[in-house]
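Survey of secondary and tertiary structure
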There are 2 protein chains.
Amino acid sequence: MSTMRQYELFELRWNGLDLEGLETSVKIHAVFSCPEQQVHKEVKGFYAGNGEYVVRFLPEKPGRYTWKVTEEVAGCAANERNTACLDGAVEMVGEAVCEAADSGRHGLVRAEGTHFRCADGTWFYPFGTTVYAFSHQEDALVEQTFETLAAAPFNKIRICVFPKHYDYNHNDPEYFAFEKTDGKWDVCRPCYPFWDRLESHIARLDEMGIQCDLILFHPYDCWGFSKLTRKEALTYLDYVVRRLSAYPNIWWSLANEYDLMDYQMEDWYAFSRFLHENDIYGHLLSNHQMVIPWDFSDEATTHICHQTSELDYLSRDIDRFQKPLMVDECRYEGNIPRRWGNISGFELVNRFWIVCMQGGYCTHGETFLNETETLWWSKGGTLAGESPARIGFLRSILEELPGPLTFIGGGMTREEFERVKAIRSGEEGLEGFERLMWSLSWEQAKDFVNSRREMAACCGTDAYLKYYCRNCTSIGKLELPEEGSYDVEVIDVWEMTRTKVLSGVNGTVELRLPGKEGIAIMAVKKG
Amino acid sequence: MSTMRQYELFELRWNGLDLEGLETSVKIHAVFSCPEQQVHKEVKGFYAGNGEYVVRFLPEKPGRYTWKVTEEVAGCAANERNTACLDGAVEMVGEAVCEAADSGRHGLVRAEGTHFRCADGTWFYPFGTTVYAFSHQEDALVEQTFETLAAAPFNKIRICVFPKHYDYNHNDPEYFAFEKTDGKWDVCRPCYPFWDRLESHIARLDEMGIQCDLILFHPYDCWGFSKLTRKEALTYLDYVVRRLSAYPNIWWSLANEYDLMDYQMEDWYAFSRFLHENDIYGHLLSNHQMVIPWDFSDEATTHICHQTSELDYLSRDIDRFQKPLMVDECRYEGNIPRRWGNISGFELVNRFWIVCMQGGYCTHGETFLNETETLWWSKGGTLAGESPARIGFLRSILEELPGPLTFIGGGMTREEFERVKAIRSGEEGLEGFERLMWSLSWEQAKDFVNSRREMAACCGTDAYLKYYCRNCTSIGKLELPEEGSYDVEVIDVWEMTRTKVLSGVNGTVELRLPGKEGIAIMAVKKG
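For every chain, the first residue of the written sequence is number 1, and numbering continues from 1 onward in sequence order. Think of it this way: whatever chain is written first is A, whatever ligand is written first is 1, and the rest follow in order. Per-residue local features of the predicted model are confined to residues with pLDDT of at least 70, and side-chain atom pairs are confined, for both listing and counting, to 80 or more; whole-chain, interface and lining totals are unaffected and use all residues. To get the side-chain values, all heavy atoms of the structure are used, and hydrogens and water are removed first.

Structural notes on the overall build of chain A
Helix and strand assignments follow DSSP, with helices taken as H or I runs no shorter than four residues and strands as E runs no shorter than two, numbered in order from the N terminus. Of the regular secondary structure elements, chain A holds 11 helices and 33 strands. Note that the radius of gyration is over C-alpha atoms, with the globule rule given as 2.2 Å times the number of residues to the power 0.38. Over its C-alpha trace chain A gives a radius of gyration of 26 Å, about what one expects of a compact globule, namely 24 Å for 527 residues. Structurally, chain A occupies a C-alpha span of about 85 × 55 × 50 Å along its principal axes. Categorising residues by exposure relies on relative accessible area from a 1.4 Å probe, with only protein chains included: less than 20% of the type maximum marks a residue as buried, more than 50% marks it as exposed, and the intermediate range marks it as partly exposed. Residues classed as buried in chain A amount to 59% of the 527 residues present. For chain A, the share of sequence-separated contacts (at least 6 apart) that also reach a separation of at least 24 residues comes to 71%. Residue exposure ignores everything except the shown protein chains as possible cover, and the areas themselves are Shrake-Rupley values with a 1.4 Å probe. For chain A, the exposed surface amounts to about 20,900 Å²; the carbon and sulfur share of it is 47%. A distance of 3 Å separates the average location of the 54 positive side-chain charges in chain A from that of its 81 negative side-chain charges. We call two residues in contact when some of their heavy atoms are within 4.5 Å. Note on charges: Lys and Arg go in the positive column, Asp and Glu in the negative column, and His and the chain ends are not counted at all. Where a charge lies is defined by one atom per residue type, namely NZ (Lys), CZ (Arg), CG (Asp) and CD (Glu).

And the structure:
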């Protein structure tokens, strides 16, 4: 009897006909049942080359499973090159006991309200990094990247399926996702070494506890991968789902800078719908933009994904869509002559704090020049920057808390402003500030009515945080509940220090701050 | 025979009737003529208390002057309190030789195109500071402020006529601008010690080469000065012009945060028009806002004055109004718990550079807490911050150049965008970036089409500067003319270092930069 492990990929692999040219036409279904857990899941298998057939399943509950695999090869399957007439169906059955998860294995991450949570109930706070062309580098460099990741604080990484042709990215990978037919990429002919290798990277990331935010399409292309027809793209996605959806650490990122590509919105909705309907596990799914934010109200889309440097009002997107928010790109720590890749380490850390205080999550990247032009953001290698340690510091602070953060920093939306204005602007005797404020348009007033908005958050009544960004105030203030007893610390987000300054306080507290940038304060309830 | 000095205030003072209650009704006119210089100017005199009458004149050209003073006291002058019947007129004549200006005296600053220039042709680059309640402090503190200014790099200071009631400002001054009648401020009864003292400050600033940007109205008021009727306000302004317009270093700032006051726009236009018509010298004039920028197209308004932290597109205001631009408030270096008063020294210096590269000019202030709550921005004293030295460094760099800066950093306005879009969006075969860009609205596209806009400036072909703000690029690039021979230096705006890295170059040059924030590069033509 086989063994399964909860939250770990389970694979059936057997030999059969060599299907060259017809690989993606293969019809393999499997049903996995665990009646004691009310599990009855149907998955699709795939052809893995060299006459190998594979079915993968991710068990999310322990117990006794049985399965039945059906391979339908009715009639002729044909493409332009080949016709194979294979008759009949193959069935296989089996069973396995799925043991409870290893400690350290928490299962698939999904959206729960406006945050992320693992299948076993553990909260998941993504601290992402970016290595777009991770899998397209030589083994030695990939190995070095893994070593770097092992010592880094990132639990999510954005990587691309397709290779990248862009600034600092001019190397062809060894393998591409497909073979060519008549000089053109043939999505019906996956390149099996490519997929084996990609999977090995995904699996290893999973072992390291790192989520793989897999970018399915992108425009940085000189080979033709950005020019697949919708039909070709869906064939590709079908193969991707069959091969990869049983990896627990997969997130689907439809694209990087989707709006730069030639697909229409209908195409993107077709892609997200396809994944939604065919990925039985419901992996996280979103889309990254250059200019036009993706449609986060899309039912298949599980979280908000932004590329932005405008971080002050992200909480409103969370309120609006009621989904978790990832700022998956907010410029990179680095020194390249590109605006998107030369912010300071402090600035990136500043941005992480601003995003996290609003209840969102952020992604890092770095772009430092070196002799080999191996920039982390695309190729990996080693980390030259100073932000990772500080990102780890922030992560450790958040992971100490009982749960995720809720933004409490205030401010006024347009709707709120218009509502108050409608009531107040007719008032008699308004003077000075009041008279001015309710006479303004939203465009005129919006910054000012939000001038007291703060980067402040709470975790229930257990903890209160406030981050002062680049404000160098020497006086901090928290409005704690009147009940309870709190310890208050001053946090230097860059120096990575935590200094307790008050003990056993509640209500409104004021405290001295160092009068420098990058200071946060945190109150934690005692006992 | 009296002596005048070019660009220095000349005063006639004589004794006469004590006019208590009718002071501002006095009609004194003087005509100053210097035929060899085609000068024929009419000024109004004023009553200075204690039976003293004064006429002031600022000669702007050397030569032989004659004057005639006429004091008309026809009929009865009356107010609610008093009626004085004084008949007849008094005339006085005189002459003086006006000697050429002392070296170091450059005359009144006026707008020339989009920059500032002294009467003698010297360019004037304002580097302002802010001490709003300067004149309302005790003598010892005022003295300390003068000492601080003597060692500081500021050549302009914003001060208020009226005292300030605000955060950290709760002290009554010794003198107020007017006396009270029946418990109410009486603008017809100036308080002469107040004006004598204020003038002594203005005169001393002038000796130090510091422009006095005099704020005529402001809303931070608990005494009633912000509640003058328009008529009262004009009486006040009339006295101000008579007393102060002959000081060469005066700038008129109609208000601080004018939009917070209860005056209507018609009132503000009446004030600016009054000054325009009655100030024969044409001192610089503008107005400072909280939210709604003043109307810089107003004919009487000589330059743009902004309170803003949005500095990226100031060059467009200069283009639009074709007037010089002062950012007279962009937050203060400090540590108070107020967003407007706790930016870092580096951030303020960063803002100065951003403004100056666009051909504008900037004003400093600092707000550090101390035991006596003597904050520079309101009361003066000493400077605790680190930005002044760096501001002085910037000033020294600009003053070495042959003339003021012209912005050449590029970018695209809304009009330009719409124009290009109208042409290009119908094009066949647009792909990727091009297809996206011309399909967007201005709101969507505006940041992106300006993503290559730089803080770059030139001084003719004599000098080229580029400031990298918080971009930590390790490669800098200048596009110099193909002709000529330039030396290029790397400037660290915070460390205040200048390092020549290239000599005798032209055309497109690339150079290594330190990969940190606050770096500028400057190319200067040799010979």
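What about the sheet that holds strand S27 (residues 455-459) of chain B?
All names here are of chain B. We call two strands paired when DSSP finds no fewer than two bridges between them. Read across the open sheet, the six strands follow the order S26-S27-S28-S33-S30-S31; overall the sheet is antiparallel. Each edge of the open sheet carries a strand with a single partner, namely strand S26 (406-407) and strand S31 (497-505). Of the strand pairs in this sheet, S26 and S27 are connected by two bridges, and their pairing is antiparallel. Bridge pairing links Thr-406 to Cys-458 in S27. The strands that helix H6 (residues 345-357) touches are S26, S27, strand S28 (463-467), strand S30 (486-492) and strand S33 (519-525); relative to S28, the one it contacts most, it runs at about 140°. Axis angles are defined between N-to-C directions and span 0 to 180 degrees, where every axis is a line fitted to C-alpha atoms and, for a helix, only to the segment in contact.

Overview of the interface of chain B and chain A
In many reports, interface size means the accessible area that the parts give up when they come together. Contact with chain B, which involves 38 residues of that partner, is made by 38 residues of chain A. Computed with a 1.4 Å rolling probe, the buried area is the accessible surface lost when two parts are put together, summed over both parts. Interface area, chain B with chain A, both sides summed: about 3,100 Å², of which 52% is carbon and sulfur. Interface area lost by chain B to chain A is led by Val-291, Arg-339 and Leu-436 of chain B, which between them contribute 17%. Take a side-chain nitrogen of Lys or Arg and a carboxyl oxygen of Asp or Glu: if they are within 4 Å of each other, that pair is a salt bridge. The interface formed by chain B and chain A includes five salt bridges. Note that Glu-431 of chain B and Lys-227 of chain A form a salt bridge whose closest N and O atoms lie 3.3 Å from each other. A 3.5 Å cut-off defines polar contacts: any pair of N or O atoms within that distance qualifies, except that in protein one atom must be a possible hydrogen donor and the other a possible acceptor, and neighbouring residues in sequence count only when both atoms are side-chain atoms. Inspection of the region where chain B meets chain A yields 16 residue pairs in polar contact (both at pLDDT 80 or more). Looking at the side of chain B that touches chain A, the elements that each hand over two or more residues are helix H10 (432-437) and helix H11 (442-449) of chain B. Here the side of chain B that touches chain A gets five residues from one element, more than from any other, and that element is H10 of chain B. Lys, Arg, Asp and Glu make up the charged group, whereas Ala, Val, Leu, Ile, Met, Phe, Trp, Tyr, Cys and Pro make up the nonpolar group; the residues left over, Gly among them, are polar. Classifying every residue of the side of chain B that touches chain A by side-chain character gives 16 nonpolar, 11 polar and 11 charged.

What about the relation of the copies chain B and chain A?
Take chain B, turn it by 180°, move it 0.0 Å along the axis, and it overlays chain A with an RMSD of 0.0 Å. Expressed as an axis order, the relation between the two copies is that of a two-fold axis. Most of the interface of chain B is mirrored in chain A, where 100% of its interface residues are also at the interface. We place the copies in one frame by least squares, fitting the C-alpha atoms of every residue whose pLDDT is at least 70 in both.

As for the environment of Met-455 of chain B
Residue and element names in this part refer to chain B. Position of Met-455 relative to the elements: it lies in strand S27. Given a relative accessible area of 8%, Met-455 falls into the buried group. Setting aside chain neighbours within four positions, we find Met-455 in contact with Asp-312, Ile-354, Met-357, Gln-358, Phe-407, Leu-465, Lys-466, Tyr-467 and Cys-469.

Looking at the sheet that holds strand S5 (residues 46-47) of chain A
Residues and elements named next belong to chain A. Here we have three strands laid out as an open sheet, ordered S2-S6-S5, and antiparallel in their pairing. Only two strands of the sheet have a single neighbouring strand rather than two, namely strand S2 (10-15) and S5. Of the pairings in the sheet, the one linking S2 to strand S6 (residues 52-57) comprises six bridges and is antiparallel in character. Among the inter-strand pairings, Arg-13 is bridged to a residue of S6, identified as Val-54.

A few points about the packing of aromatic side chains
All names here are of chain A. In summary, the pairing rule links any two rings of Phe, Tyr or Trp, Trp by its six-membered ring, whose centres are within 6.5 Å, and it sorts them by plane angle into stacked for under 30 degrees, edge-to-face for over 60 and tilted for everything else. In this structure the tally under the stated criterion is 106 aromatic pairs over all chains. Where Phe-217 meets Trp-268, the ring centres are 6.0 Å apart and the plane angle is 85°; that geometry is what we call edge-to-face. Of this pair, Phe-217 sits in strand S18 (residues 211-217) while Trp-268 is found in helix H4 (residues 265-278), placing the two residues 51 residues apart along the sequence. Taking the relative accessible area as the measure of exposure, Phe-217 reaches 0% and is therefore buried.

Quick notes on the pattern of salt bridges
Residue and element names in this part refer to chain A. Per the stated rule, a full pass over the model turns up 81 salt bridges over all chains. Here Arg-424 ties to Glu-434 by a salt bridge, and the two come within 2.4 Å at their closest N and O atoms. Highlighted residues: Arg-424 in helix H9 (residues 414-424) and Glu-434 in helix H10 (residues 432-437), separated in sequence by 10 residues. Taking relative accessible area as the criterion, Glu-434 reaches 27% and is therefore assigned partly exposed.

Concerning the pairing of strand S4 (residues 39-44) of chain B
Regular strands place side chains that alternate from one sheet face to the opposite one. Pairing between strand S3 (residues 27-34) of chain B and S4 of chain B: six bridges, direction antiparallel. Paired with Cys-34 of chain B across the two strands is Val-39 of chain B, which belongs to S4 of chain B.

Description of the side chain of Ser-286 of chain A
By secondary structure assignment, the location of Ser-286 of chain A is in strand S20 (residues 285-286). Residue contacts for Ser-286 of chain A: discarding those within four places in its chain leaves Trp-252, Ser-253, Leu-254, Trp-294, Phe-296, Thr-301, His-303, Ile-304 and Cys-305 of chain A.

Structural notes on the confidence of the model for chain A
Residue and element names in this part refer to chain A. pLDDT is a per-residue confidence score from the predictor, ranging from 0 to 100. Summary statistics for chain A give a mean pLDDT of 94 and a share of 95% for residues scoring 70 or more. Contacts from residues 74-85, a stretch scored under 50 in pLDDT, to residues over four places away or in other chains number 25 contacts. Interface confidence for the predicted complex, expressed as ipTM, amounts to 0.94; the pTM equals 0.95.

What about the pairing of strand S17 (residues 184-190) of chain A?
All names here are of chain A. Within S17, five of the seven residues are buried, leaving the element largely enclosed by the surrounding structure. When strand S16 (residues 178-181) meets S17, the two strands line up antiparallel, connected through four bridges. Note on S17: the bridge partner recorded for Phe-178 is Pro-190. As consecutive antiparallel partners, S16 and S17 are separated by two residues, and within that stretch Asp-182 has a phi angle of approximately 50°, a positive value.

Looking at a negative patch on the surface
Patches draw on residues past 30% relative accessible area with no salt bridge. Two like charges within 9 Å are joined, as are two nonpolar side chains (Val, Leu, Ile, Met, Phe, Trp, Tyr) within 5 Å. On the surface, a cluster of negative charge is contributed by Glu-310, Asp-312 and Asp-447 of chain A together with Glu-310, Asp-312 and Asp-447 of chain B. Relative to the helices and strands, Asp-312 of chain B is located in the loop between strand S21 (304-307) and helix H5 (314-321). A relative accessible area of 44% places Asp-312 of chain B in the partly exposed class.

Looking at unusual backbone geometry
Comment: phi is negative for the bulk of residues other than glycine, and the bulk of peptide bonds are trans. Residues and elements named next belong to chain B. The phi dihedral of Tyr-168 falls on the positive side, at around 65°, and the residue is not glycine. Here Tyr-168 falls in the buried class, since its relative accessible area comes to 10%. For Glu-373, which is not glycine, the phi dihedral falls at a positive 50°. Residue placement: Glu-373 occurs in the loop between strand S25 (366-367) and helix H7 (376-379). Given a relative accessible area of 36%, Glu-373 falls into the partly exposed group.

Quick word on the packing of helix H1 (residues 139-150) of chain A against helix H2 (residues 192-207) of chain A
Residue and element names in this part refer to chain A. Across the interface, H1 lies against H2 with an axial gap of 12 Å and an inter-helix angle of 15°. With respect to H2, the element H1 is oriented roughly parallel. When you trace H1 past H2, the crossing you get is right-handed. Each of Asp-139, Val-142, Glu-143, Phe-146 and Leu-149 in H1 lies in contact with H2, whose residues at this interface are Arg-197, His-201, Arg-204 and Leu-205. Considering only residue class, the contact of H1 with H2 consists of four nonpolar, one polar and four charged. Convention used here: angles under 35 degrees read as roughly parallel, angles over 145 as roughly antiparallel, angles from 65 to 115 as roughly perpendicular, and any remaining angle as oblique. By definition, turning the near helix anticlockwise from the far helix through less than a right angle yields a left-handed crossing, and turning it clockwise yields a right-handed one.

Focus: the packing of helix H2 (residues 192-207) of chain B against helix H3 (residues 230-244) of chain B
Residues and elements named next belong to chain B. Direction vectors running N to C along H2 and H3 enclose 50°, while the axes themselves pass 11 Å from each other. Between H2 and H3, the interaxial angle falls into the category oblique. Crossing hand, H2 versus H3: right-handed. Here Tyr-192, Trp-195, Asp-196, Leu-198, Glu-199 and Ile-202 of H2 come into contact with H3, specifically with Tyr-236, Tyr-239, Val-240, Arg-243 and Leu-244. Looking at side-chain class alone, the contact of H2 with H3 contains eight nonpolar, no polar and three charged residues.

Some thoughts on the side chain of Thr-130 of chain B
Residues and elements named next belong to chain B. Structurally, the position occupied by Thr-130 is in strand S14 (residues 127-130). Polar side-chain contacts of Thr-130 include one of 2.8 Å to the backbone oxygen of His-364. Apart from the residues lying within four places of it in its own chain, the contact partners of Thr-130 are Arg-158, Asp-328, Tyr-332, Thr-363, His-364, Gly-365, Trp-376 and Trp-377.

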